[in-house]
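Here are the chains, one letter per residue:
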Amino acid sequence: MKFNTKTIHGGQVNIDPAYGSVMPPIYQTTTYSQTTPGGHKGYEYSRSANPTRTALENALASIENGEFGLAFGSGLAAIDAVLKLFKPGDEIISTSDLYGGSYRLFRQIFEGFGIKFHFINMQDASNIEGYINNNTKLIWVETPTNPMMNIIDIAATSKIAKKHNILMAVDNTFATAYLQQPLDLGADIVMHSATKYLGGHSDVVMGSLVVNDRELADRLYFIQNASGAICGPQDSFLVLRGIKTLHIRMQRHCENGEKIARFLRTHPRVGKVYWPGFEDNPNHDIAKKQMSGFGGMISFTTIEETLESAVKVVENLKVFTLAESLGGVESLAGHPASMTHASIPEAERLKTGVVDSLIRLSVGIEDEEDLIEDLKQALG
Ligand SMILES: *Cc1c(COP(=O)(O)O)cnc(C)c1O
């Protein structure tokens, strides 16, 4: 099955043996009747498994070309489950430029449990080996990174992970399986904030993991059930519905993203524009190699390079909504330094380029003319 067909049918077999409904029913139930103790049809309690969630988990696995999918109550709950694979003394190497909430979870929760983190620049994959020792258990990669849109070479990084027998996970939230399939490039775990493009309509908070290895899947299913950060059947249904239009939405996000990136670059009030599709972007070749398009996420700075100038632009936008989050059908603008990345200490934040004048756009699927007009008036 090819990708677009998979978004609609992937993993969806025998959805409703009772009445043949085309969409899986929302099994709004906590428990399942048993004929004799242990005599059930595969479901006994909805923390462990729920048929609507199973339908979604199968769809998630299918679009990522993986064997096993797991859905959680948020993207961070999914990352939390990955980190619970490890124990005190273990070390994790992560991209230094990453989602602020992931950084907060690593530093403020798991560091306290004795896990050591190294936040490094992975744009040159050979930089990673210097941080590997016998305690290293995981390489955490976010690509494209949030909000600087840096690209990490997944295949090159996974080669290093395999050589040292280390797990490698990729946060695929920005690209989605439509643009990039990390398991095919050698990653062991692919993670999503399904809140973003997979849900796609800014109405569900959810996270997911997909893996190929059965033993790893079993350990993660154990954590999912034992820690309990699952998502409900209604939300599972909504994200399953979102995935069915992922390919169409992503196609338009990419088209609009390109138009807006190129427009911003020519605007006299704009400083730097971060978008991996520019031919002269230092990451362009890797992006072209591992992604089938460049997505709808763009960051840029104002020419004045001041906090005030960036705040003024985002306050003046009318079609773009000033809001956290991304990946929905509507265009959003954010100010990372004070919003999504406020939980990263200023010195760390500035080191990765998240300056006060940086604005991040999640370009939606509206008419591009309206989006460009809006940016023009806000910048002018
Ligand atoms: C939003 C986001 C997360 C966290 O996901 P939640 O669903 O908000 O918990 C993780 N990684 C990236 C890249 C994100 O954008």
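What this report covers is the structure whose coordinates are included nearby. If you're wondering where the values come from, they're calculated on a predicted model, not measured in any experiment.

Here the focus is the pattern of salt bridges. Under the counting rule described, the total for this entry stands at 16 salt bridges. Put simply, E348 and K351 hold a salt bridge, and the shortest N to O gap is 3.3 Å. Highlighted residues: E348 and K351, both in helix α12 (residues 346-351), separated by 3 residues, approximately one helical turn. Its relative accessible area of 28% is what places E348 among the partly exposed residues. Each of K87, D90 and K137 takes part in one network of salt bridges that share partners.

In the vicinity of the ligand, 14 residues are found, and the nearest of them are G75, D171, S193, T195 and K196. At 2.9 Å, a backbone N or O of L76 approaches an oxygen atom of the ligand. At 2.6 Å, a side-chain N or O of T195 approaches an oxygen atom of the ligand. Grouping the amino acids of the shell around the ligand by side-chain chemistry returns 5 nonpolar, 6 polar and 3 charged.

On to the packing of helix α9 (residues 246-266) against helix α13 (residues 368-379), then. Between α9 and α13, whose axes approach to 10 Å, the crossing angle comes to 30°. One finds that α9 runs roughly parallel with respect to α13. In terms of crossing hand, the pair formed by α9 and α13 is right-handed. Contacts from N256, K259, I260, F263 and L264 in α9 reach E368, L371, I372, L375, K376 and L379 in α13. Along the lines of polarity and charge, the residues of the contact of α9 with α13 split into 7 nonpolar, 1 polar and 3 charged.

Attention now goes to helix α8 (residues 233-243). Those residues of α8 that fall on the buried side of the exposure criterion are P233, S236, F237, V239, L240, G242 and I243. Where α8 is buried, its residues touch α1 (3-9), α2 (51-63) and α9.

On inspection of all chains with the given rule, the structure shows 10 aromatic pairs. Taken together, a centroid distance of 4.9 Å and an interplanar angle of 50° make the contact between Y103 and F119 tilted. Of this pair, Y103 sits in helix α4 (residues 100-110) while F119 sits in strand β3 (residues 116-120); the two residues are 16 residues apart in sequence, bridging distant segments of the chain. Of the two residues examined, Y103 and F119, each falls in the buried class. When the centroid spacing of 5.6 Å and the interplanar angle of 75° are considered together, the rings of W275 and F294 count as edge-to-face. Placement of W275 in the loop between β8 (270-274) and α10 (284-290) and of F294 in the loop between α10 and β9 (297-302) is noted, with a sequence separation of 19 residues between them. For the residue pair W275 and F294, the accessibility class agrees, reading buried in each case.

Cut-offs applied
- Sequence positions are assigned chain by chain, starting from 1 and proceeding in written order.
- Note on the predicted model: pLDDT of at least 70 is required for a residue's local features to be given, and 80 or more for side-chain atom pairs to be given and counted; whole-chain, interface and lining totals, by contrast, use all residues.
- Each side-chain value is worked out from all heavy atoms of the structure, with water and hydrogens disregarded.
- One side-chain nitrogen of Lys or Arg within 4 Å of one carboxyl oxygen of Asp or Glu is enough to make a salt bridge.
- Helix and strand definitions follow DSSP, with helices as H or I runs of at least four residues and strands as E runs of at least two, each counted in order from the N terminus.
- Burial status follows relative accessibility: with a 1.4 Å probe on protein chains alone, a residue under 20% of its type maximum counts as buried, one over 50% as exposed, and anything between as partly exposed.
- We call a residue near a molecule or strand whenever a single non-hydrogen atom of that residue lies within 4 Å of it.
- We call two N or O atoms a polar contact when they sit within 3.5 Å, provided that within protein one can donate a hydrogen and the other can accept it, with sequence-adjacent residues counted only if both atoms are side-chain atoms.
- Only Asp, Glu, Lys and Arg are considered charged in this grouping, and only Ala, Val, Leu, Ile, Met, Phe, Trp, Tyr, Cys and Pro are considered nonpolar; every other residue, Gly among them, is considered polar.
- To obtain each axis, a line is fitted to C-alpha atoms, and for helices this fit is confined to the stretch in contact; angles are then taken between N-to-C directions over 0 to 180 degrees.
- The labels follow the angle: roughly parallel below 35 degrees, roughly antiparallel above 145, roughly perpendicular from 65 to 115, and oblique for the rest.
- We call a crossing left-handed when the near helix sits turned anticlockwise from the far one by less than a right angle, and right-handed when that turn is clockwise.
- The contact rule is simple, with two residues in contact once any of their heavy atoms fall within 4.5 Å.
- Paired rings are identified among Phe, Tyr and Trp, the last through its six-membered ring, by centres lying within 6.5 Å, and are further divided according to the angle between planes into stacked (under 30 degrees), edge-to-face (over 60) and tilted (the rest).

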